[in-house]
Amino acid sequence: MPVLAVVGAQWGDEGKGRVVDWLAADADVVVRYQGGDNAGHTVVHGGQVHKLHMVPSGIFRREVQNIIGAGCAVNPWALRDELEALSSRDVDVGNLWIDERAHLVMPWHLQLDGIEEDTRAGADQIGTTRRGIGPCYTDKAARRGLRAGDLLRPDLLRERVQAAARWHDITLGHFGRPAIDVEATLRLCAEAAASLGHRIVDTTAQLEVALDLDRTVLLEGQLGVMRDLDWGIYPFVTSSHPTAAFAPAGAGLGAITLDDAIGVCKAYATSVGGGPFPTELLDETGAKLRSVGAEFGATTGRPRRCGWLDVVALRYAARRNGLTRLIVTKLDVLDDFAEIAVADGYHLDGRVVERLPTTADQARCQPRYRTFEGWRVATTAARSWSALPAAAQRYVRAIESLGGVPVSHVSVGAERDAILAVPPTAAGQDAP
Ligand code: GDP
Ligand code: IMO
Ligand code: MG
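Residues numbered from 1 in each chain as written. Chains lettered and ligands numbered in written order. Predicted model: local features only at pLDDT ≥ 70, side-chain atom pairs only at ≥ 80, totals over all residues. Heavy atoms only, no water.

## Looking at the coordination of the magnesium ion (ligand 3)
Reasoning step 1: Around the magnesium ion (ligand 3), the protein contributes the donor atoms D13 (OD) and G40 (O), which lie 2.0 to 2.2 Å from the metal centre. A residue pair is termed long-range when its members are at least 10 positions apart, and D13 in the loop between strand 1 (3–8) and helix 1 (16–23) and G40 in the loop between strand 2 (29–32) and strand 3 (41–45) qualify at 27 residues.
Reasoning step 2: Here D13 falls in the partly exposed class, since its relative accessible area comes to 24%. (Donors = N, O, S within 2.8 Å, 3.2 Å for Na, K, Ca; no water. Helix = DSSP H or I, 4+ residues; strand = E, 2+ residues; numbered from the N terminus. Buried < 20%, exposed > 50% of the residue type's maximum accessible area, 1.4 Å probe, protein only.)

Here it is, written out as structure tokens:
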């Protein structure tokens, strides 16, 4: 009964989609367990670049059941469009299921996301993706949300939309927006039901069968621990829980022990949106990381903030997620740097700290760097550990020992096969 979670060990965009797509070769079920179409998971194979937002990254494996779990926030119209776009590129999307309990991102959630973000000034801006994620989860917690299964029950749906209108019209009116048009919303919902209705099921039945038959279940996270609602840089977070402990909960697997909690981590760091980011480089080195790594948001196209790897945050990620191993992506992006730095502590108010401080204190942290020699040779063609230059191997071993988690693989390109296994090493061996 192998149950694996793939989670972001940084601020998101670590390469979770490419890792899930690769691991899905040996999986029977892939479940997205939280978040919505704020995600941008890029999967590259056969020279084609696919940007997934709500569809799980196992979709390119015809035999894999792809499930959008109860913990997700689903915009059914955006999902319909995403599925149509995939179909038009000859991707078979037949094996995609939506749990009836997943919450619906409704048109007013998108409006409210924009209104709320616009009222936050300057440094207070979260920089949300404006996909309505926060307001959708707010409604879920406030018990006035709509769920995917409601699309299949017209009478209940009408009541739920009317109730939502009674509440949200107050805010929309306050900001000079038109009231919710209940009849128009119900027509939109009927369209969504017509295109997605056959996929809306109780997915726990499928998962129970998979577990009973000892099948491999992969739980795909969205974003990363640093933007987790509880464990991230609150309030600059998303409104759900990307961390591994939530993976079984969001998928409906109960308090199951994960066989493998895989953290995905870039060889450097990026962040999109507001909040502290201690290793951010606002100089030409940051610009070089951005251009070599093509660091622009897959969902919003925004330039990503770039900086050196932060192992204070990585150690935190390892503990908060209970990571069993790391997959380090984008090692090739560092191919042309003479020197590579890693923050292994912070200077904070005249002290040195090695544990991640709270959000407000992070904003005053100055990184304490240790440096590594670069390798100045292309790694993109490497397909084995021994094909990596010695300096690159030393850097990966440093991530392992400083982060306190074994690295099982590194990737050196976006294509599916550009990933290589890292041989295990005894703890402490090869420490920098
Ligand atoms: P996700 O949201 O965690 O799935 O990550 P994104 O897809 O938003 O961002 C990762 C980006 O890096 C994508 O454009 C990937 O195609 C790309 N990528 C992933 N792994 C590698 C790698 O090893 N090398 C390079 N150069 N690009 C990679
Ligand atoms: P993937 O899955 C990077 C960021 C936004 C913002 C904060 C809250 O591709 O890693 P939200 O729209 O969720 O309310 O925004 O989280 N954010 C992401 N950053 N990758 C993502 O997804 C993100 N999804 C949200 O920039 O700071
Ligand atoms: Mg992304």
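## Examining unusual backbone geometry
Reasoning step 1: The peptide bond linking Y234 to P235 adopts the cis configuration, its omega dihedral lying at 10 degrees.
Reasoning step 2: Tracing the chain through its elements places P235 in the loop between strand 10 (217–224) and helix 8 (246–251).
Reasoning step 3: Unusually for a residue other than glycine, R130 sits at a positive phi of about 60 degrees.
Reasoning step 4: Checked against the element boundaries, R130 lands in the loop between helix 3 (107–119) and helix 4 (133–141).
Reasoning step 5: Residues other than glycine seldom take positive phi values, yet D214 does so here, at roughly 65 degrees.
Reasoning step 6: Locating D214 in the fold gives a position in the loop between helix 7 (203–212) and strand 10.

## Observations regarding the domain arrangement of the chain
Size of an interface: often given as the accessible area lost when the parts come together.
Reasoning step 1: Domain annotation of the chain identifies domain 1 (3–99 + 201–262), domain 2 (103–197) and domain 3 (266–421).
Reasoning step 2: Its C-alpha centre places domain 1 at a distance of 23 Å from the equivalent point of domain 2.
Reasoning step 3: Domain 1 puts 24 residues into the contact, and the matching count from domain 2 is 25 residues.
Reasoning step 4: Between domain 1 and domain 2 the total buried area reaches about 1,800 Å² when both faces are included, carbon and sulfur atoms providing 62% of it.
Reasoning step 5: Here domain 1 and domain 2 share 2 salt bridges between them. (Domains from an automatic or database assignment. Contact = heavy atoms within 4.5 Å. Buried area = accessible area lost by both parts, 1.4 Å probe. Salt bridge = Lys/Arg side-chain N within 4 Å of Asp/Glu carboxyl O.)

## A look at the sheet that holds strand 7 (residues 96–99)
Reasoning step 1: An order of 9-7-5-2-10-1-11-15-19-20 is seen for the 10 strands of this open sheet, with the pairing classed as mixed. Two strands in the sheet have a free side with no partner beyond their single neighbour: strand 9 (200–201) and strand 20 (419–421).
Reasoning step 2: Of the strand pairs in this sheet, strand 1 and strand 11 (residues 260–266) are connected by 5 bridges, and their pairing is parallel. In the strand pairing of strand 11, A5 is matched with A261.
Reasoning step 3: Here helix 12 (residues 390–403) sits on the sheet in contact with strand 15 (325–329) and strand 19 (407–411), set at roughly 140 degrees to strand 19. (Pairing = 2+ DSSP bridges. Axes fitted to C-alpha atoms, helices over the stretch in contact; angles between N-to-C directions.)

## Overview of helix 10 (residues 311–321)
Reasoning step 1: Of all 11 residues that make up helix 10, 8 are buried, and the element is covered over most of its length.
Reasoning step 2: Buried within helix 10 we find V311, V312, A313, L314, Y316, A317, A318 and N321.
Reasoning step 3: Looking at the buried side of helix 10, the elements it contacts are strand 1, strand 11, strand 14 (309–310), strand 15, strand 16 (339–348) and helix 12.
Reasoning step 4: Remark: G322 follows helix 10 within two positions and exhibits a positive phi of approximately 60 degrees.

## Things to note about the site of ligand 1
Reasoning step 1: Close to ligand 1 lie 18 residues, the nearest being K16, G40, T42, D332 and S411.
Reasoning step 2: T42 places a main-chain nitrogen or oxygen 2.8 Å from an oxygen atom of ligand 1.
Reasoning step 3: Backbone polar atom of V412 to an oxygen atom of ligand 1: 3.4 Å apart, as the coordinates give it.
Reasoning step 4: Burial of ligand 1 by the surrounding chains reaches 91%, relative to a free accessible area of 580 Å².
Reasoning step 5: Elements supplying a minimum of two residues to the shell around ligand 1: helix 1 and strand 3.
Reasoning step 6: Counting the residues that make up the shell around ligand 1, at least three belong to each of domain 1 (3–99 + 201–262) and domain 3 (266–421). (Near = heavy atom within 4 Å. Polar contact = N/O pair within 3.5 Å; in protein donor to acceptor, adjacent residues only side chain to side chain. Areas by Shrake-Rupley, 256 points an atom, 1.4 Å probe, with all protein chains shown as cover.)

## Let's talk about the packing of aromatic side chains
Reasoning step 1: Applying the stated criterion to the full structure yields 5 aromatic pairs.
Reasoning step 2: Residues Y33 and F246 carry aromatic rings whose centres are separated by 6.5 Å and whose planes lie at 50 degrees to one another, so their mutual orientation is tilted. With a gap of 213 residues between them, Y33 in the loop between strand 2 and strand 3 and F246 in helix 8 connect regions that are remote in the sequence.
Reasoning step 3: Using a relative accessible area of 23% as the deciding quantity, one classes F246 as partly exposed.
Reasoning step 4: The aromatic ring of F337 is capped on one face by K288, whose charged end is 4.2 Å from the ring centroid.
Reasoning step 5: In this structure, R320 is placed above the aromatic ring of Y316, and the distance from its NZ or CZ to the ring centre is 5.0 Å. (Phe/Tyr/Trp six-rings, centres within 6.5 Å; stacked < 30°, edge-to-face > 60°. Lys NZ or Arg CZ within 6 Å of the ring centre and 35° of its normal.)

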